[in-house]
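Observations on the three-dimensional arrangement
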Amino acid sequence: MAQEVECLFCKIVAGIIPVDIVYRSDEVVAFRDITPKAPTHILVVPTHHAENATELAKIAPNSLIAMFLAAGEIASVEGLAGYRSVFNTGTSAGQTVFHAHLHILGGRSFSWPPG
Ligand code: 5GP
Ligand code: ZN
């Protein structure tokens, strides 16, 4: 699995930075967001480093399938009837960690369109 030495989420995948892990496979690690934006806020992170979801689709497309399958399993375990799944891509869209990650948010109501 490709890793970047200075990448926060690569360090979390490698176990160097401790997090509250809720799901792990060869392709995916999922853990609770440190500043949750909903009662349930979980980050699903590919073990393969890519800057964002589009780059991941180019270099490790099966990771995206694994991420969405993980999201469904996590939602079931967490008892979420529904959930919002979000990829922020680029600083202007609110991306702050440049290792692709899927936000899973649930446990409250959501408006549409999102802000
Ligand atoms: P982004 O803004 O890039 O879409 O999402 C990055 C997310 O990572 C944010 O929701 C932020 O709270 C979360 N985050 C940043 N650093 C850490 C950390 O050290 N541990 C955990 N669990 N979450 C983090
Ligand atoms: Zn990384």
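Attention in this report is confined to the structure presented alongside it. Everything quoted here is computed from the prediction, not taken from an experiment.

1. Brief notes about the overall build of the chain
Helix and strand counts for the chain come out as three helices and five strands. Against the 2.2 N^0.38 benchmark of 13 Å for 115 residues, the chain shows a C-alpha radius of gyration of 13 Å, consistent with a compact globule. For the chain, the spread of C-alpha atoms along the three principal axes comes to 35 × 30 × 25 Å. Classification of the 115 residues of the chain by burial places 39% in the buried group. Sequence-distant contacts, at least 24 apart, represent 51% of the contacts inside the chain between residues at least 6 apart. Only carbon and sulfur atoms are counted for the fraction: they give 56% of the accessible area of the chain, which is about 6,500 Å².

2. What about the site of ligand 1?
With respect to spatial proximity, 17 residues lie near ligand 1, and among them Asp33, Thr35, Gly94, Thr96 and His103 are the closest. One of the backbone nitrogen or oxygen atoms of Arg32 is found 2.9 Å away from a nitrogen atom of ligand 1. Between ligand 1 and Thr96, the relevant distance is 2.7 Å, taken from an oxygen atom to a main-chain nitrogen or oxygen of the residue. Relative to its unbound accessible surface of 520 Å², ligand 1 loses 84% to contact with the protein. Comparing atom positions with the cavity grids shows ligand 1 to sit within the largest pocket.

3. Here's the deal with the coordination of the zinc ion (ligand 2)
The protein atoms that coordinate the zinc ion (ligand 2) are Cys7 (SG), Cys10 (SG), His49 (ND1) and His99 (ND1), at distances spanning 2.0 to 2.3 Å. All donor residues of the zinc ion (ligand 2) come from one chain, and their arrangement in sequence is C-x2-C-x38-H-x49-H. You can see Cys10 sitting in helix α1 (residues 8-13) and its partner His99 sitting in the loop between β4 (84-86) and β5 (102-106), a full 89 residues away along the chain. You can call His99 buried: its relative accessible area is 0%.

4. Some details on the layout of surface pockets
By volume, the largest pocket amounts to about 630 Å³. Every residue lining the largest pocket is counted, 30 residues in all, and those nearest its centre are Asp33, Lys37, His41, Leu43 and His103. Contributing elements (two or more residues each) for the lining of the largest pocket: α1, β2 (28-32), β3 (40-46), β4 and β5. Broken down by element, the residue count for the lining of the largest pocket peaks at three residues, all from α1. Among the residues forming the lining of the largest pocket, the class breakdown is 14 nonpolar, ten polar and six charged.

5. Notes on unusual backbone geometry
Residue Pro113 is bonded to the preceding Trp112 through a cis peptide linkage, with omega at 0 degrees. You can see Pro113 is positioned in the segment after β5.

6. Remarks on the nonpolar core
Ranked by internal contacts, the top residues of the largest apolar core, which has 18 residues, are Val28, Val44, Leu56, Met67, Ile74, Leu102 and Ile104. Phe9, Cys10, Ile12 and Val45 belong to the second largest nonpolar core, which has ten residues in total.

Cut-off values and rules
Residues numbered from 1 in each chain as written. Chains lettered and ligands numbered in written order. Predicted model: local features only at pLDDT ≥ 70, side-chain atom pairs only at ≥ 80, totals over all residues. Heavy atoms only, no water. Helix = DSSP H or I, 4+ residues; strand = E, 2+ residues; numbered from the N terminus. Rg over C-alpha atoms; globule rule 2.2 N^0.38 Å. Buried < 20%, exposed > 50% of the residue type's maximum accessible area, 1.4 Å probe, protein only. Contact = heavy atoms within 4.5 Å. Areas by Shrake-Rupley, 256 points an atom, 1.4 Å probe, with all protein chains shown as cover. Near = heavy atom within 4 Å. Polar contact = N/O pair within 3.5 Å; in protein donor to acceptor, adjacent residues only side chain to side chain. 1 Å grid on protein atoms, 1.4 Å probe; cavity = no way out; pocket = protein on both sides within 12 Å on 5 of 7 lines; lining within 4 Å. Sits in = over half its atoms within 2 Å of the grid points. Donors = N, O, S within 2.8 Å, 3.2 Å for Na, K, Ca; no water. Points joined across faces, edges and corners; volume = space filled by probe spheres on them. Nonpolar A, V, L, I, M, F, W, Y, C, P; charged D, E, K, R; others polar. Core = buried A, V, L, I, M, F, W, Y, C linked by side-chain atoms within 4.5 Å.

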